[in-house]
Each structure stands twice: as C-alpha cells, then as structure tokens.
Amino acid sequence: MAESHKAIQVTGTFLDEISHDIPHQNWGEKEWDKDFEAMKSVGIDTVIMIRCGYQKWLTYDSKVLIQQEKCFSPPIDYVALFLRLSEKHGMNFYFGLYDSGKYWVSGKYKREADLNRAIADEVWQKYGPSPAFKGWYISHEINHLIPGVVDTYVKVGQHCKTISDLPVLISPYIDGTKAVPASASSLVKENGAPITQYESEWNEVFDGIKDAVDIVAFQDGHVDFEVVEDYLHVNKQLAEKYDIQCWSNCESFDRDMPIKFLPIKWEKMLMKLQAAQKVGVEKVITFEFSHFMSPNSSYIQAHHLFNRYKEYFGMDEDELTQLLQKENQGQL
Amino acid sequence: MAESHKAIQVTGTFLDEISHDIPHQNWGEKEWDKDFEAMKSVGIDTVIMIRCGYQKWLTYDSKVLIQQEKCFSPPIDYVALFLRLSEKHGMNFYFGLYDSGKYWVSGKYKREADLNRAIADEVWQKYGPSPAFKGWYISHEINHLIPGVVDTYVKVGQHCKTISDLPVLISPYIDGTKAVPASASSLVKENGAPITQYESEWNEVFDGIKDAVDIVAFQDGHVDFEVVEDYLHVNKQLAEKYDIQCWSNCESFDRDMPIKFLPIKWEKMLMKLQAAQKVGVEKVITFEFSHFMSPNSSYIQAHHLFNRYKEYFGMDEDELTQLLQKENQGQL
Amino acid sequence: MAESHKAIQVTGTFLDEISHDIPHQNWGEKEWDKDFEAMKSVGIDTVIMIRCGYQKWLTYDSKVLIQQEKCFSPPIDYVALFLRLSEKHGMNFYFGLYDSGKYWVSGKYKREADLNRAIADEVWQKYGPSPAFKGWYISHEINHLIPGVVDTYVKVGQHCKTISDLPVLISPYIDGTKAVPASASSLVKENGAPITQYESEWNEVFDGIKDAVDIVAFQDGHVDFEVVEDYLHVNKQLAEKYDIQCWSNCESFDRDMPIKFLPIKWEKMLMKLQAAQKVGVEKVITFEFSHFMSPNSSYIQAHHLFNRYKEYFGMDEDELTQLLQKENQGQL
C-alpha cells in the first residue's frame, strides 16, 4: 500500500444491549462467555454496555424505570451477566445510561437528566461493588451543538463522577453525508455541515462538558472515507485543548449497503484504524464486536473480518485455529 | 421477572410456501424432513401451508390455476411433500388457499371466491385421502372490516366445510402502529385505529363469519408490546361470543429493525406468549418456525432463539445436544 | 413440470469486486481459492471481475487512478489474486474496467473513456502476460439507448481489442418493471418501456457497438418472469443480426424481497435458465456465484441453492458430499 500507516488496534467494544437497530442474536450466558473469550483473544480490554434501557426495554430490573416509566422487567439481568463476565475475563466495564427515546428528543432535558441521575444512584448501589465496574457511558448521541443535551451530559456526568469517582464517556457522531436515519431509503444526504462549522460547534460542546466528561469517542462512520482523518484530527485537537481523552469509535458495520447493517469490508475498517493511528487517538473502541467482528456472530461475514483483522495484526495463528476448531465442534 | 406469567407454548407453525416477503431457503425434501423433526422435538403438532399459490407461483400443479390464471407449474409438489412429512411426523396439516394478489385487492371478490372454491374441489379430490389433511386456511389477511373479504371468507369457508367437514382457519392482523407494508422505509405509522373501533369492526366481522370459520388466529406483531395483551383480550372475548376458537399467531420475526425480517428477540416473543397465556387462547401458532426459530434456519439468530425457547420451557437438554451434533455432522 | 424445457447450465460468474450494493464477505486468498474450486466443480470456466474500481475504491494499485482520481490504494491486489487462481483452476478471466460513478452519469463521457483507455494500457502491460487473461468487460450498465455510453463502449472496446486482440463483453439490463435503484423502498415501478421500444432502442445500440463489442450478456432480473423469455428472444435476435455473441447474465439473487439482496429461490432461477436455453443463448453467466450460489457463501440459503442446482443437473453426489465434509472440517 502506498502511504501505509500502521493502524491502531481495537481494544474496546460496545455491547449492544438494548439495541436500536441491530437484530438480536438471542445469546444466553454461554454464548456471551464465549464471545468475551474471543474479544480477549484479540486484545479487547474494555466493554461498554451501550444503554441500560431504551424506551420500555431494560437490561436490569430497574425499580426507578419500572415505577416511573412503566418499563418492562427483563427476563435476565444483563448488567449482572456482563459484570460477571468482565470479572472473569479481566475486562473494564462501562455502564451505559438510559435513553428514553422521547424526553430528550422532544426537549424535556430535565426529565431525561433526572431519570438518569436516579438510575446512576440505583446502579451504583446495586452493581458498584463489582471490581469490573470502571466507568459510565452517557448514551445520548448528538452530531451538533444541542444546548439541552450538553446540559444533560454535564448534570449526569458530574453526578456519576461525584458518586463513584469513575470516568465518564460519550460517543457523538459527525454531521457528515452519511448521517441519515437507519429507516431512510437513501444512504446519503446532500449536505453535511462544513468541517469549520463542525469544529466551531464542537468547540462549544467540549467547553461545556469539560468538567463532566472524561472521554469522547466519536463514531467514525458518518463521513466519506477521504475525510475521516480530517475529522478525527479536529476531534483530537479539541480534546487536547480541553484536556479530555480522545478515543475513536470505529464502526465495524457497513453504511454503504442497502442491507442495514452487515459487517464492514475490512479495507474500509483498516483505513479508519490507520486514520485513528495517524491523528494519535488514545484508544479505539468499536460498535460492535459481537455482531460484526466476532467468530461467533450470526453474520458469517464477521468471522472472515475477524480473520482478516488478526492476519493484519499478526495475531497468533494457533489461537485462530483453536477458535475455528471449537466453532466446528458445535460451540458456535 | 416482576409479574411473570407462565407462557403458552407454540404448537403450530406456518410453512411459508409461497412467500410474500421472506427470502426462500431453497430446501429440498431432506431439509424439510429434518425441520419437521425439529418442530416435533419442541411440541409442534400442526403445520399450516400459508398459501397454495400467490399470483403466478404455485405449490402444486393446479389445473385450475394454470388454465385460468396462467400460473407457473412448480418444480416440486409442496403439498404432497408436506402431507408426506406430516404423516411421517404425526402433524396436522392445514391447506392454505390461493391469494391472487389482485382480484380481492381490487374488489373483484367474486372472482377470488370462485377460484378458491374450484381449488378446494381440486385439492380435496387430489390430497383429501391423506390422513394428515386436517383443515383449511383461507390466506387473505385483513386488519379491519372489509365486507367483500368477509363475504369471501363465508363463501370459501362454507364450501370447504361442506366438501370436507374439516375446520377452517383465518389469521387477520391488528390495525396497530406497526401495520405498514414490508416495502415501507418507516417502521411505524402515526395512527392505528383505537381499540374500541377495532373491537366494534371485528365484532361485525366475527358475526359475519361465525358459521363459515372455526378458528381465528390473529397475528400479534402489529401493535406495541404494552398493548398486545389488551388486543389479545378483545380477540378472545369476541371469539367466545361467537363460539369461534381463538388461537394466537405469534410472530417470531422482529418488526422493529431496519432489516426486514430477521428472528425476533426472545424477550419480545416471550412477552407475547405470556400475554396469550394470560388471556387464555386455545393454541399458539407462529409465523414461522423454519426461518425464525429453527436450528436449521439460514439465519443463525434463529438457532439461538430455538435454544432460548427450549431453555425457558425446560425442554430436554440431551435432545438439544443431539440436534447440535447432527448440525455439526454436516446435516445442516 | 408442464412444458418443461431442459435448462442451460451456468458456466461463468462475476467476481463482485468492487461491489456497488452487496456487502463484502471479507475473504482472503484461502477463501477465494476454495470458492474457485467450488465454481469449477459445477462447470464454471469463466470469471469476470465486475470492475477494477468504483469511485475511489480499487482492486489493484493503479497509478492512473491514484494519480488522476485520488483513488485509494487497496490492501491486496485482487487482479493478481484472481489471475493466479484462474491459472490454477483453469478459468478464463475477464477484466472489468473502471466505473467512476460520476463522469458518465453526468455526461462527461470523454473523461470516462479516456480514463478507461489509460487503465486498459496500464493493465495490459501489468497483467497481460497471464495466460488466464482472456477478455475485457466494460462495466457501465445501461437499460436504454444513451448515445454517450454507446460511444464509450465503442472507444473503450476498440482500444481493448487493438492492444490485446481479446473479446469485449458488456452486460446491460432491461428497462423492466423491476428496474428500480437498490435504495428504493418500492420493488417495482409503474411503467417499463414496451418491448417494441426496447427492441428498437437496442437495435440502435447493437448497430453502434457491433465492431467494438463481441459479447452482450443482458441481466435477466428486471422483468416479470412471464416475459423473461420474450426479452431474451429479442436479445438473441438482435445479437444474431449484428453478429455479436449472445450470453445471458442470470441473476442468482432475489429482486422480489424486502431484504436487498439474498439468494434467489431455485424455481425462479430455473425458469430463467430454461428461457435462456429455449432462445438459444451461447452461454450463461451469473451475478454472482460467491454470495448467492456458493457452498462457501455467508448466506446459508446459497448453500442450499448450490445443492438444488446440482441435483437438477445431476451433478456428482460424491463430490457434493466431499464439499460438505470440508465445510464441516472448518474450511468454511
């Protein structure tokens, strides 16, 4: 490759419970255990539960949300499961907070923040003792300056830090040409914001959140590949300016295909990991390993992506062979 | 789980030949045989061929439809195949009638009814002797009162009962927020009918069909999960009032995802089976086992749904292991 | 089957690099090698790389395209890989030219032709010595008379023939009811061109390209199944009139389903192969084996399509068994 730059490895992944738009794999504890093992085998040390609840769906039996929002009590406790597996496999677990799907999109920011602070209290009391509980993730995703959401980040982030002294992560997205809803029939829109406006808006956001948020991991999939590096560079500069850690959230699904969504072509992922390496982000996480990069995924394309990824980084072939053997012994 | 109610088991499934919108798995007799075995292993005793023909596509070499509608002669006789396997595996087979895809949607109800009565005669003569032939399914799906379709149910249903003395089944759907076409880019619509209007319209439908239809199995996927039980309750009350059997058609695919359609999250299916149990439906069937719940499905998520389903109902682990072994011996 | 006609076998396939709309399988050399073996096992002797580049994505490290179009240098050389495997497995390799995705769709035909002639020179010098290099494929797809594209076919085709003395192939599509973009939510459009207008426009196209193009392989998926044969017949008559070889490009994916795209139902493919046989096309190729018909595909429906295809043509069961055994020994 001309102008090749060594790429940075992915060392963290979201756990997509509860999912917005990716069909569920219906894994139980055995399957999740096996997948944590696969994550670990390629150097992943951090797992981020994407949200503890979305609308009425929950990952744990939250008294707060069942009483106040009439949420559904879940059949299993995913938080306990993920913490148990994080302890077993030596992972740092980040707890994703609640996305009502309604209050913050209709401007009722106070309600969204109040709910999340109550949840943080409930969760920290219930799961805080786990040695794997290492951080908080505020699950609201924005692509430009929305003062009410910035205020939500501040209120919720500061509360989490006060009760736990643990880092707070957010993962916004870029207002690029691919920032279209998953339900849209078109894959691109005509005009994204120019990068100067992007920088200016996010300068304001970073300034607002600098005391409440410790890590920002922008999603890298909403812009054309030729400008990914430019945007990652802006992100990194802003993060340094406000003394916030800059991670990159490398999307491992393909936004350019009519099927929404299947695993990304390795070449595309590699380009984004090279860009992340070049601008010097501190860490790369992905959305997400279990559907799109895992040898256990229901999407077989992901098995091959896993192999390409390992080949590129020169990971142990013997280990690869062992995993494949297990796969063929019916542990898939 | 708070307020847990034991769920009712699925004991019937559609066979999706000819499909409207689910891609074909390209199974031959061997694969179908194996899948009937898997159905039987989880207690399924009833299979309903969803339609014998749709537009020009046929499941058997129908003289009526080839002559009158210029349908295509199929490469294999699915009716004979499904009856043979139903006999072998002890299943009750329901024969799904013809959906022209045009006459009834453009108001030519008489033509649709006439064709279906001629088909019933042809089919009863040809396949009636099979001991597995246990009922008829009128394949036209409506979500509100359409007098011409009700009249079609009556004409076709009464004819089938007259020639065969076998029960007649229909499977309508609820006019809920998710009642959008599979081709729509949005997953929900703004306004479904209020439940009082639903009850009033379906009261009229039930009154109209009471002498011609023996079983009504509403699809359970077009309404929000918090109101599924309310709608199932209306269905059950109406069925009792008119002395019709009330089954529930539990959809095992996920209507909330941009990929249309992959297997449902087990939690969602479980909620619907609990609601069905609570209102006291006589039987639950699903649309459908072979794509969405089967260990043989091309969608691997279905294999996991099968396992979650078996775990919940405490089904034989040894049997599960044996099935998985077969899967890994290349009989997939 | 009534009125059965023996079908013609598929003896060629596209290799979908770079893809427009089919998610990548992330295969490396080992997986491609295995797939060429599977192709060969069912009589495929011709592979056509669908395009050497699309927009910024490349299959090989093209100086022309990297310098002039700022294309991305690819992580592996697919042209070298496919030629190597073609030599190993005795395949005829057709090289697909470049689709800018912009110049020809905005009327800058000269730019599109100039680029492609420069690429042909570069490619012929670099890869021409391979004994497997047997032809050229001009990758621009049209469904009606567009004089600028016809002129592109002529300029590029004549140039390729001059430098190499190898045949030139194109694969247009029919302006039928299914000629809608992959991103469209509807699967059909109201009005395609009448077949008489189709014949008249394509008569003009054939007249224009007769000295520059040796083979025309129309895609067979954009029209209703009942008229496929009529259209193939027109294609064949026109080809004979202008002394051009007539192949058929039998699409092996299903255009009638909301998931875009999964493998086609075998019955549909069979009908198209019967129509192709009946009108007497010289050869059938498919788009494409590796995703939609292969025992190695990430879509398991394709494995079953492969089996149905082999059963129909009475292909060696032992060989089939061996392939399945390999699959289960983890070489999938």
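Nothing here was measured: the structure is a model prediction, and the numbers come from that model.

### A look at the relation of the copies chain A and chain C
Now for step 1: Overlaying chain A on chain C yields an RMSD of 0.0 Å, the required transformation being a rotation through 120° with an accompanying axial translation of 0.0 Å. Look at the turn and shift together and you get a three-fold axis relating the two. When C-alpha distances to the rotation axis are compared across chain A, the minimum falls at Ser 185 of chain A, with a value of 3.4 Å.
Now for step 2: An asymmetric contact is evident, with only 16% of the interface residues of chain A recurring at the interface of chain C.

### So, the relation of the copies chain C and chain B
Now for step 1: When chain C is fitted to chain B, the best match, at an RMSD of 0.0 Å, comes from turning it 120° and sliding it 0.0 Å along the axis.
Now for step 2: When the interface residues of chain C are mapped onto chain B, a mere 16% of them again fall at the interface, so the copies present different faces.

### Looking at the side chain of His 89 of chain B
Now for step 1: Tracing the backbone through its elements, the reader meets His 89 of chain B in helix H3 (residues 78-89).
Now for step 2: Among all residues touching His 89 of chain B, those that are not within four sequence positions of it are Asp 33, Phe 36, Glu 37 and Lys 40 of chain B.

### Quick notes on the pairing of strand S11 (residues 283-287) of chain A
Residues and elements named next belong to chain A.
Now for step 1: When you tally the buried positions in S11, you get 5 out of 5 residues, the bulk of the element.
Now for step 2: Judged by which residues are buried, S11 turns out to be covered on both faces: Lys 283, Ile 285 and Phe 287 on one side and Val 284 and Thr 286 on the other are all buried.
Now for step 3: Bridge count between strand S1 (residues 10-15) and S11: 3 bridges; the pairing is parallel. Looking at S11, one finds that Gly 12 is bridged to Ile 285.
Now for step 4: Relative to S11, strand S10 (residues 245-251) is paired through 5 bridges, and the arrangement is parallel. Note on S11: the bridge partner recorded for Glu 251 is Phe 287.

### A closer look at the interface of chain C and chain B
Now for step 1: The interface of chain C with chain B comprises 25 residues on the first partner and 35 residues on the second.
Now for step 2: Of the roughly 2,500 Å² buried between chain C and chain B, counting both surfaces, carbon and sulfur atoms make up 62%.
Now for step 3: Counting the surface chain C buries against chain B, the share from its top three residues, Lys 265, Glu 267 and His 304 of chain C, is 22%.
Now for step 4: Between the two partners, chain C and chain B, sit 3 salt bridges.

### Some thoughts on the sheet that holds strand S3 (residues 53-54) of chain C
Residues and elements named next belong to chain C.
Now for step 1: With respect to topology, 3 strands assemble into an open sheet ordered S4-S3-S6, the strand pairing being mixed. On the outer flanks of this sheet lie strand S4 (57-58) and strand S6 (98-99), each paired with one strand and no other.
Now for step 2: Pairing of S3 with S4 involves 2 bridges; the strand directions are antiparallel. Paired with Tyr 54 across the bridge in S4 is Trp 57.

### A few points about the packing of helix H7 (residues 228-241) of chain C against helix H8 (residues 266-279) of chain C
All names here are of chain C.
Now for step 1: Where H7 contacts H8, the two axes come as close as 9 Å, and the packing angle between them is 35°. The element H7 and its partner H8 pack so that their crossing is right-handed. The residues of H8 that touch H7, namely those facing Val 228, Glu 229, Leu 232, His 233 and Lys 236, are Lys 272, Ala 275, Ala 276, Lys 278 and Val 279.
Now for step 2: The residue inventory of the contact of H7 with H8, partitioned by class, reads 5 nonpolar, 1 polar and 4 charged.

### Regarding the pattern of salt bridges
Now for step 1: Tallied over the entire structure, the rule returns 75 salt bridges over all chains.
Now for step 2: For the salt bridge of Lys 278 of chain B with Glu 229 of chain B, the shortest nitrogen-to-oxygen distance reads 3.3 Å. On the criterion of sequence distance, the pair formed by Lys 278 of chain B in helix H8 (residues 266-279) and Glu 229 of chain B in helix H7 (residues 228-241) is long-range, its members being 49 residues apart.
Now for step 3: Across the pair Arg 111 of chain C and Glu 69 of chain C runs a salt bridge, and its minimum N-O distance is 2.5 Å. Placement of the pair is Arg 111 of chain C in helix H4 (residues 109-127) and Glu 69 of chain C in helix H2 (residues 63-69), with a sequence separation of 42 residues.

### Regarding the environment of Glu 87 of chain C
Now for step 1: Mapped onto the elements, Glu 87 of chain C comes out in helix H3 (residues 78-89).
Now for step 2: Separated by 37 residues in the primary sequence, Glu 87 of chain C and Ile 50 of chain C have C-alpha atoms spaced 18 Å apart.

### Some thoughts on helix H7 (residues 228-241) of chain A
All names here are of chain A.
Now for step 1: The first and last C-alpha atoms of H7 sit 20 Å apart over 14 residues, in line with the 20 Å expected at 1.5 Å per residue.
Now for step 2: Within H7, the full set of buried residues consists of Val 228, Tyr 231, Leu 232, Val 234, Asn 235, Lys 236, Leu 238 and Ala 239.
Now for step 3: The inward-facing, buried residues of H7 contact helix H6 (195-209), strand S9 (215-219), S10 and helix H8 (266-279).
Now for step 4: Phi turns positive one or two residues past the end of H7, at Asp 243, with a value near 55°.

### Some details on the interface of chain A and chain C
Interfaces are often sized by the amount of accessible area the parts lose when they come together.
Now for step 1: Contacts between chain A and chain C engage 25 residues on the former and 35 residues on the latter.
Now for step 2: Between chain A and chain C, the buried area comes to about 2,500 Å², and carbon and sulfur atoms account for 62% of it.
Now for step 3: On the chain A side of the interface with chain C, the three residues burying the most area are Lys 265, Glu 267 and His 304 of chain A, jointly 22% of the side's total.
Now for step 4: At the boundary of chain A with chain C, the tally comes to 3 salt bridges.

### Focus: the environment of Ser 248 of chain A
Residues and elements named next belong to chain A.
Now for step 1: By the element assignment, Ser 248 lies in strand S10.
Now for step 2: Assessed through its relative accessible area of 2%, Ser 248 is described here as buried.
Now for step 3: Separated by 24 residues in the primary sequence, Ser 248 and Lys 272 place their C-alpha atoms 9.3 Å from one another.
Now for step 4: For Ser 248, the contacting residues outside a window of four places in its chain are Ala 217, Phe 218, Asp 220, Leu 232, Ala 276, Val 281, Lys 283, Val 284 and Ile 285.

### Comments concerning the sheet that holds strand S4 (residues 57-58) of chain B
Strand pairs in the sheet, formed through backbone hydrogen bonds, run parallel or antiparallel to each other.
Now for step 1: Strand order in the open sheet formed by 3 strands is S4-S3-S6 (chain B), and the pairing between neighbours is mixed. Here the strands that pair on one side only, and so sit at the sheet edges, are S4 and strand S6 (98-99) of chain B.

### What to know about the side chain of Asn 235 of chain B
Now for step 1: Here Asn 235 of chain B lies in helix H7.
Now for step 2: Setting aside its immediate chain neighbours within four residues, Asn 235 of chain B contacts Ile 174, Tyr 198, Phe 206, Phe 218 and Cys 246 of chain B.

### What about the pairing of strand S7 (residues 133-137) of chain C?
Residues and elements named next belong to chain C.
Now for step 1: Counting buried residues along S7, 4 of its 5 residues qualify, which places the element largely inside the surrounding structure.
Now for step 2: Where strand S5 (residues 92-96) lies against S7, 4 bridges are found, and the strand directions are parallel. Residue pairing across strands places Gly 96 opposite Tyr 137, the latter belonging to S7.
Now for step 3: Across 2 bridges, the pairing between S7 and strand S8 (residues 168-170) is parallel. Its bridge partner lying in S8, Tyr 137 is registered against Leu 169.
Now for step 4: Viewed along the sheet, the connection from S7 through helix H5 (residues 147-164) into S8 turns out right-handed.

### Considering the environment of Gly 101 of chain A
All names here are of chain A.
Now for step 1: Residue position: Gly 101 is located in the loop between strand S6 (98-99) and helix H4 (109-127).
Now for step 2: Take Gly 101: its relative accessible area is 26%, and that puts it in the partly exposed class.
Now for step 3: Residues Gly 101 and Ser 290, 189 residues apart in the sequence, show an inter-C-alpha distance of 24 Å.
Now for step 4: Setting aside anything within four residues of it in sequence, one finds Gly 101 in contact with Tyr 54 and Gln 55.

### Things to note about helix H10 (residues 300-312) of chain C
Residues and elements named next belong to chain C.
Now for step 1: Taking 1.5 Å per residue, 13 residues should reach 18 Å; H10 reaches 19 Å between its end C-alpha atoms and fits that length.
Now for step 2: Burial analysis of H10 places 11 of its 13 residues in the buried class, the great majority of the element.
Now for step 3: All of the buried residues in H10 are Ile 300, Gln 301, Ala 302, His 303, His 304, Leu 305, Phe 306, Asn 307, Arg 308, Tyr 309 and Lys 310.
Now for step 4: Positive backbone phi, at 60°, marks Gly 314, one or two positions downstream of H10.

Analysis parameters
- Residues numbered from 1 in each chain as written.
- Chains lettered and ligands numbered in written order.
- Predicted model: local features only at pLDDT ≥ 70, side-chain atom pairs only at ≥ 80, totals over all residues.
- Heavy atoms only, no water.
- Least-squares fit on C-alpha atoms with pLDDT ≥ 70 in both.
- Contact = heavy atoms within 4.5 Å.
- Helix = DSSP H or I, 4+ residues; strand = E, 2+ residues; numbered from the N terminus.
- Buried < 20%, exposed > 50% of the residue type's maximum accessible area, 1.4 Å probe, protein only.
- Pairing = 2+ DSSP bridges.
- Buried area = accessible area lost by both parts, 1.4 Å probe.
- Salt bridge = Lys/Arg side-chain N within 4 Å of Asp/Glu carboxyl O.
- Axes fitted to C-alpha atoms, helices over the stretch in contact; angles between N-to-C directions.
- Left-handed = near helix turned anticlockwise from the far one by under 90°.
- Nonpolar A, V, L, I, M, F, W, Y, C, P; charged D, E, K, R; others polar.
- Expected span 1.5 Å × (residues − 1).
- Right-handed = clockwise from strand over helix to strand, strands pointing away.

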